[in-house]
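# Working through the structure, step by step
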Amino acid sequence: MSAPAEAVDVSVVAEHPTRNRLLAGILALLVLYACAIAAVLVVPLLFAVLLSLMLSPAVRHMCNWRLPRALAAGLVMMVALAGVGFLLASLVGPARAWADQVPTSLSRIEHALSDLRSPLRQATDAGEKLSKLADIDGESRLQRVVQAGPSRMTQMLQSTPGAIGSVVATLVLVFIFLLRGDGLLRKLVELAPALHLKKDIVIATRSAQHELSTYIITIALINGVLGLLLALALWFLGVPDPLLWGGVAGLLNFVPYVGPMLVIGLLTVVGFGQFPTVIPALAVPAAFAVLKTLEELITPQIVGKRLDLDPIVVFLALMLCGWLWGPTGLLLAMPLLTCLRIISERIPNWSALAKLLGS
């Protein structure tokens, strides 16, 4: 008779943290690869989630007035689309007028920087003299092949159907999330195996949704106030179409670091296009720099220290999202990072991630 099989020691079959971390890293890389190749699907979905979070409080208030949810969601979306359409229609004309002034602005900037370019010009002249001494003629021996690519109008026409499709898909998804978001939450709760898990999921989801919507709306209001104050300052300085540049600054301010730098560059061009001398021209970007500094001091007091994010993590998130989805990813980086921190604070096993994202 054979000897009985030895009992398996449960302590031997222990979890391996190194293996789990390795599997988690592989899973993260696979998710990033999927997000990169499926950007056409992922970007509208993420925009729809963020927009539905912004609009859900208004839908909820209208439902409290005994309106059907479908009607409330439709009305909120119609009002939002009407507001965005009105802003775009009012800014198209001034944007075209300023685009015509870009060559004048650039020539004035070049003239203002001529003193700084004089050492470079002298170095260039010295290099040309050395080239002549080395018996190098000024003509290039490389044959340049110029291939005529598609014109800008052709490129715009080619990209228009895809852009329209993405916008339509985003709007449809926003309406579906506003209409059926609670139903999806109930289905997720039903999948939980225990009653206490169902309660935890409901509490955590409701709390995260409330904080996310509050955060997104608060940041949007702060950027709107920043744009209005900038428009008022530009009006005081005598810059035409101040609302245009206030709107551009408010939109780009959603992108940390990169957005304000772009605004300063644009306002520098605007200042030199409007004023021929250096001091009044530089006063235009300086006005935004002062307002942005004040905004950086006030925003943490309004949003709260608990939602502060580490600057290094923010910069890495901008690089990652910009690499994955281009300029659209820069707009999505901060909301997604804030989302991740709020969710990680409500999952006990993710406390280390919450500390890593915090400032």
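Our subject is the structure listed above.
Below or above, wherever it landed, is the structure these notes cover.

How each quantity is defined
- Residues numbered from 1 in each chain as written.
- Predicted model: local features only at pLDDT ≥ 70, side-chain atom pairs only at ≥ 80, totals over all residues.
- Heavy atoms only, no water.
- Buried < 20%, exposed > 50% of the residue type's maximum accessible area, 1.4 Å probe, protein only.
- Helix = DSSP H or I, 4+ residues; strand = E, 2+ residues; numbered from the N terminus.
- Salt bridge = Lys/Arg side-chain N within 4 Å of Asp/Glu carboxyl O.
- Axes fitted to C-alpha atoms, helices over the stretch in contact; angles between N-to-C directions.
- Parallel < 35°, antiparallel > 145°, perpendicular 65-115°, else oblique.
- Left-handed = near helix turned anticlockwise from the far one by under 90°.
- Contact = heavy atoms within 4.5 Å.
- Nonpolar A, V, L, I, M, F, W, Y, C, P; charged D, E, K, R; others polar.

On to unusual backbone geometry, then. With glycine set apart, most residues show a phi of negative sign, and most peptide bonds adopt trans. Even without being a glycine, Asp241 presents a positive backbone phi close to 55°. The exposure class assigned to Asp241 is partly exposed, which follows from its relative accessible area of 31%. Unusually for a residue other than glycine, Tyr257 sits at a positive phi of about 65°. Turning to its location among the elements, Tyr257 is positioned in the loop between helix 8 (242-252) and helix 9 (258-274). Tyr257 sits in the partly exposed class, given a relative accessible area of 37%.

With that settled, consider the pattern of salt bridges. A complete count under the given rule lists two salt bridges for this structure. A salt bridge links Lys292 to Glu295; the nearest nitrogen and oxygen atoms lie 2.8 Å apart. With Lys292 and Glu295 both in helix 10 (residues 278-303) and three residues apart, this pair spans about one turn of that helix. Taken individually, Lys292 and Glu295 each receive the classification buried, so the pair is uniform in this respect. A salt bridge links Glu296 to Lys292; its shortest N-O distance comes to 3.1 Å. Of this pair, Glu296 and Lys292 both sit in helix 10, separated by four residues, roughly a single helical turn. Judged by relative accessible area, Glu296 falls into the partly exposed class, the value being 46%. Using a relative accessible area of 13% as the deciding quantity, one classes Lys292 as buried. Members of the salt-bridge network, linked through shared partners, are Lys292, Glu295 and Glu296.

What follows deals with the packing of helix 8 against helix 9. Their axes nearest at 8 Å, the elements helix 8 and helix 9 cross at an angle of 160°. Between helix 8 and helix 9, the angle falls in the class roughly antiparallel. Between helix 8 and helix 9 lies a crossing of right-handed hand. In this structure, helix 8 uses Trp245, Val248, Ala249 and Leu252 to contact helix 9, whose residues at the interface are Gly259, Pro260, Leu262, Val263, Leu266, Leu267 and Val270. Classifying every residue of the contact of helix 8 with helix 9 by side-chain character gives 10 nonpolar, one polar and no charged.

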